[in-house]
Amino acid sequence: MIYARRILGLSDEAVKAVRGARTLRRIRLGTTVTLAMSVVTQALRQFAQVEPDVQIHIQCERSDALLALLDAGEIDVAFMMDQGRRPGRDFVESTALVWVGVAEFDKTSAQEVPLVFLTDGRDLRGYAFEALDRVGRTGFLAHLSPHPIGVRAFVLAGLAITVMPQTAVVPPLVNLGSALELPRLKDVALSLYHDPRKAGQDVKLFSRAIHDQLATEV
């Protein structure tokens, strides 16, 4: 029995040693829920093929909160809606905003377009209603949610549509703009920022993986 405990103890120590060796390198990523569930997922797969021993920590916040986390040293990389030129901005890439829903959305009753947005998502709401007004279409706020997962729940239920960057539209979400004959929306910019003090090779490779995913959508 004592021998068995010693073996188990040695095994635990070996596991801890291996884990410690494999997690010395890490990247703390800050991004939005929408991007984490789309572009970042594909970038993680690409990055892991090149650097499988780098541990990625993901923290999701609104775009306008991520730079503060970066400045405070709580994250190493921030991928989000562009927040303007500043030291550490690695790239900026333009992508179209699109009307997003599910294929099962009832298109016959969509002359008055039911919309769902974040409770404080004023910018995207503004873009949507401006575009609808431009072509004489009517939209209304069918639902609001304080969290992106709540917005997605209403969309997946087929109760409303929303607006998001085209590059973030992954199945089962679809672009319903053409099917509903909705007007074109403006483009937005996505950017990646890093802490200039920690811009090592791992960060550069991870940034390239994200940029590659954006480039495939253009």
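To continue, consider the side chain of Thr-95. Note that Thr-95 resides in strand S4 (residues 89-102). Accessibility expressed as a relative area gives 11% for Thr-95, which makes it buried. Once you skip the residues sitting within four places of it in the chain, Thr-95 turns out to touch Pro-165, Gln-166, Thr-167, Asp-187, Val-188 and Leu-190.

Attention now goes to the nonpolar core. By size, the foremost hydrophobic cluster in this structure holds 19 residues, and its most contacted members are Ile-27, Phe-47, Phe-79 and Ile-210. For this core, the element with the most residues is helix H7 (residues 201-217), which contributes 6 residues. Beyond its immediate chain neighbours, meaning those up to four positions away, Ile-210 contacts Val-39, Ala-43, Phe-79, Phe-91 and Leu-192. In this structure, Val-113, Ala-131, Ile-161 and Val-163 belong to the second largest nonpolar core, which totals 16 residues.

Take the side chain of Gln-213 next. Relative to the helices and strands, Gln-213 is located in helix H7. Gln-213 gets classed as buried once you look at its relative accessible area, which sits at 16%. Reaching out from Gln-213, the side chain makes a polar contact with the side chain of Gln-46 at a distance of 3.0 Å. Once residues within four sequence positions are removed from consideration, Gln-213 is found in contact with Val-39, Gln-42, Ala-43, Gln-46 and Thr-167.

So, how was this worked out
- Residues numbered from 1 in each chain as written.
- Predicted model: local features only at pLDDT ≥ 70, side-chain atom pairs only at ≥ 80, totals over all residues.
- Heavy atoms only, no water.
- Helix = DSSP H or I, 4+ residues; strand = E, 2+ residues; numbered from the N terminus.
- Buried < 20%, exposed > 50% of the residue type's maximum accessible area, 1.4 Å probe, protein only.
- Contact = heavy atoms within 4.5 Å.
- Core = buried A, V, L, I, M, F, W, Y, C linked by side-chain atoms within 4.5 Å.
- Polar contact = N/O pair within 3.5 Å; in protein donor to acceptor, adjacent residues only side chain to side chain.

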